[in-house]
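If you want the building blocks of each chain, they are given just below.
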Amino acid sequence: MAFTAESVLQGLTAPQRQAAETIDGPLLVLAGAGSGKTRTITRRVAYMIANGIPAWNILAITFTNKAAKEMKERIDHLLQGAGRMGRGVIVATFHSLGARIVREYADVVGLPKTFTIFDSADQARLVKQALKDLSLSPDNFQPAAVLHAISGAKNKLQSPAAFTQAAGGFFEKNVGRVYTRYEALLRENKAVDFDDLLLKTALILRDNADARAALQERHQYILIDEYQDTNHAQFVIAHMLAMNHKNICATGDPDQSIYGWRGANLNNILEFEQFFPNAKVVLLEQNYRSTKVILQAASALIARNTKRKKKDLWTENEAGPRIVILQTNDEHQEAAEIVRRLKEHHDKQGLAWDKMAIFYRVNSLSRVLEDALMKAAVPYQIARGTEFYGRKEVKDVLAYLRVIANPDDSVSFGRIMNVPPRGLGDTSVTRLEAFAGERGISMLAACGLADQIEGLLPRASVACKKLAELFGQWRAAAMPAAPTVLEDGSLAPSQRDAVAPANDDPLYDPAFDQVLADSEEYVPDMPDEMAPPTVADAAPPVPAATAAPVLEGGIRGLMERIVRESGLDAAAKKDEDADHERSANIAELITVAAEFDTQNPGGTLQSYLEQVTLISDVDKLQDSGGAVTLMTLHAAKGLEFPFVAVVGMEDGLIPHARAIGFATSPDELEEERRLAFVGITRAMKHLILSYARYRMIRGQTERTIASQFFQEMPDECFEEIDLTAQEEGLGSVGYRDEASYARRAQQTRAAAVPERTADTATGAEYRAGMLVRHPQFGMGRIADVTPAGAMTRVVVQFQGGAGRKTLILQYARLERVDT
DNA sequence: GCAGCCTTGTTTTTT
DNA sequence: ACAAGGCTGC
């Protein structure tokens, strides 16, 4: 078949075709679950190329690396079949795109090109350090909460100054101080965090006309998938890129927005037409994935939401079997029964293992399932790609690499300074830190000058010098072309504090402005991954990549050398009996690095580190692994399986306790409903929704009640299997007990309160109206109590700046104030 | 300086 | 239940 504009549209339905044909101007594709969205957009890209649009001018943004890789493959496949190459199409995630743009325009934001990307663990470390520097207690300012606030600010493009200015209460004011210090620490380490990849990209595009123009020309046709899950920073990036050529296609489904907690703004998609006037809107409502029964239940559920664009999903598929609602005594019985049913389908119907999946709300539920699968000898894979990179020994090796790539990364250096033990204990580290702080140099640099440090033991001094020397050698081998950032005076921290002219823009950040001023002589170069391929009939629009440092022996060779020369392998071997997995994990890391070398010949150390840092849980999943797939509901987005089981369909899990509370926003409950909707609509034919009457949560067995979402789906979709022994007393709180649902829920919750003495709060002794004292927020009055055993929540109206807060009683350390 | 024990806390979900 | 961080004893 000839490769023509017409041929690539073959087989599309009318609305799909309409979407694929609209390549100029803004386009919104509202694609219902299972409506053939991926098919449509890959064809759309092929259609563009068939119409003569250079592949490298097309940018497709996906949600995960895995989705990016798959889309690339599908496009390649479409174009190769027609004798053309589509390799030049850039497919990236917002974060990987951000990493490349920030790398390319690093000097515009005052960073060396070798900057490090900090992961969540590094971020937590930095926040703790910032709290310490400001003498704020981590008890009153939980690092996770502070980090969340900082992340929220960054997603809204708020600089520390702007955030502090807008801060209302006591807590926020202090978060503002922490944010300021946190940013300074990032800069000292020449590092960025995940949010910075978006924020800095947005700022580069917004504030640097040259960069904006260049990037607009490079990315003339933009396609953004999962648009419902974009946050403000991503929105700004999209707008800045598209504002000139206006060829932007957003695809998504408001009903599948499940990342509100991460700053995703549903309005980005709901109000697309206001942001992009004259936008064409295409609705894909026909579902090709699921049976009528599954679709009916899902549609009924999602219809309860108010924040949505109404869509009527329909299908020509068969009615299919009813959805199984499985009730069991506990999570062990639940897991065993689900595995039994999977096995039955495998053995009797010949359904392959990789056609089945089990979803859960929280990762902690996976353990019991794993046990049951293992016991039944059922092969399974679990979407936890990041877990491997979270292991201590793996992080240690990567920390060495990060210091080699960026010697200013003192967070990584601090991590491995004494790993394996080389006689540098707390005292020596403190001395070194003080010395480095005084001189404004990195920890590694301080190590090199160890003999100048007063009070440092000779033994420690020798160890320091030796370590610094090792890093010198490694750097020379790995970064031949790289200038030593240590000697690069233009990036001195003092630059940050320079006084900038007044500006009343609330988003204005003086530090950013300062670095902009230095960006005149910037000459863009193309990161190699983004460089367009050489195509015979058209020249790439930008010069080829500048020579990257060639790494002898690849990442693998470097890694092997480090592991050997640092003494890591000796240390791992030494206590092999205690922890035999350690050497194995390091070996595995080296194997994966070797794969990277093969796939990315000439790949730089930065590109390797970038890839492992930006990896996501689903990225490692294999399509044809011949294994049952286990993952969270969040990770399941975008996937489909003939057989799906969703476990833990209980109030408190789905919807999660965080979202049920009386005082929490209805928006959160809607997001939980969307999450359930996503889970259900992953199923093509068979679906099990299960709940257990008792479930062990954090070591405590808790009585549960069925998810309230069961009430929202029609009974005729269900077949109920009840494996609980009908016992005396409470009876079973099933999904059907609508009339007495609320009353029973209360009873069950009250009965579920574990045995505790009066001094541990369970809610019984707290009532609305009572005066209480909180160690952090001070005096307040209880507005509401929601009894739920260990999860009992109280809403307290605090006096002073703290305002109204919902607290988990068990953790809140509330104190009654008797009047 | 370091290993092992004990206390403490634990807001899902993730790039 | 489980992990991380602090403390104690060598």
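Residues numbered from 1 in each chain as written. Chains lettered and ligands numbered in written order. Predicted model: local features only at pLDDT ≥ 70, side-chain atom pairs only at ≥ 80, totals over all residues. Heavy atoms only, no water.

## Describing the confidence of the model for chain A
Taken over all residues, the pLDDT of chain A has a mean of 81, while the share at 70 or more is 79%. Long-range and interchain partners of residues 482-548, a stretch whose pLDDT sits below 50, account for 91 contacts in this model, where long-range means more than four residues apart. This model gives residues 738-763 a pLDDT under 50, and the stretch forms 42 contacts once residues within four places in sequence are excluded. (pLDDT = per-residue confidence, 0-100. Contact = heavy atoms within 4.5 Å.)

## So, helix H29 (residues 666-681)
In a regular helix each residue adds 1.5 Å, so 16 residues correspond to 22 Å; H29 covers 22 Å between its end C-alpha atoms and thus fits that length. Burial within H29 is extensive, with 12 of its 16 residues counted as buried. For H29, the full list of buried residues reads Glu-670, Glu-671, Glu-672, Arg-673, Arg-674, Leu-675, Ala-676, Phe-677, Val-678, Gly-679, Ile-680 and Thr-681. Tucked into the core, H29 has its buried residues touching helix H14 (292-302), strand E12 (356-360), strand E15 (641-646), helix H28 (657-660) and strand E16 (683-692). (Helix = DSSP H or I, 4+ residues; strand = E, 2+ residues; numbered from the N terminus. Expected span 1.5 Å × (residues − 1). Buried < 20%, exposed > 50% of the residue type's maximum accessible area, 1.4 Å probe, protein only.)

## Thoughts on the pattern of salt bridges
Within the structure shown, the criterion is met by 39 salt bridges. Linking Lys-311 and Asp-253 is a salt bridge whose minimum nitrogen-to-oxygen distance equals 2.7 Å. Taken together, the residues Lys-311 in the loop between H14 and strand E10 (314-315) and Asp-253 in the loop between strand E7 (248-252) and helix H12 (267-270) connect sequence positions 58 residues apart. Given a relative accessible area of 8%, Lys-311 falls into the buried group. By sharing partners, the salt bridges in this structure join Lys-37, Asp-225, Glu-226, Asp-229 and Lys-637 into a single network. (Salt bridge = Lys/Arg side-chain N within 4 Å of Asp/Glu carboxyl O.)

## What to know about the protein's contact with DNA strand C
Surveying the vicinity of DNA strand C reveals the residues Lys-128, Arg-367, Arg-698 and Gly-699. Taken together, the residues that form the surface near DNA strand C break down as no nonpolar, one polar and three charged. (Near = heavy atom within 4 Å. Nonpolar A, V, L, I, M, F, W, Y, C, P; charged D, E, K, R; others polar.)

## Describing the pairing of E16
Here E16 lies mainly inside the structure; eight of its 10 residues are buried. Pairing of strand E11 (residues 323-328) with E16 involves five bridges; the strand directions are parallel. Residue Gln-327 lies in a different strand from E16, and its bridge partner there is Tyr-691. In terms of strand pairing, E15 meets E16 through five bridges, oriented parallel. Within E16, the residue paired with Phe-641 across the bridge is Ala-683. (Pairing = 2+ DSSP bridges.)

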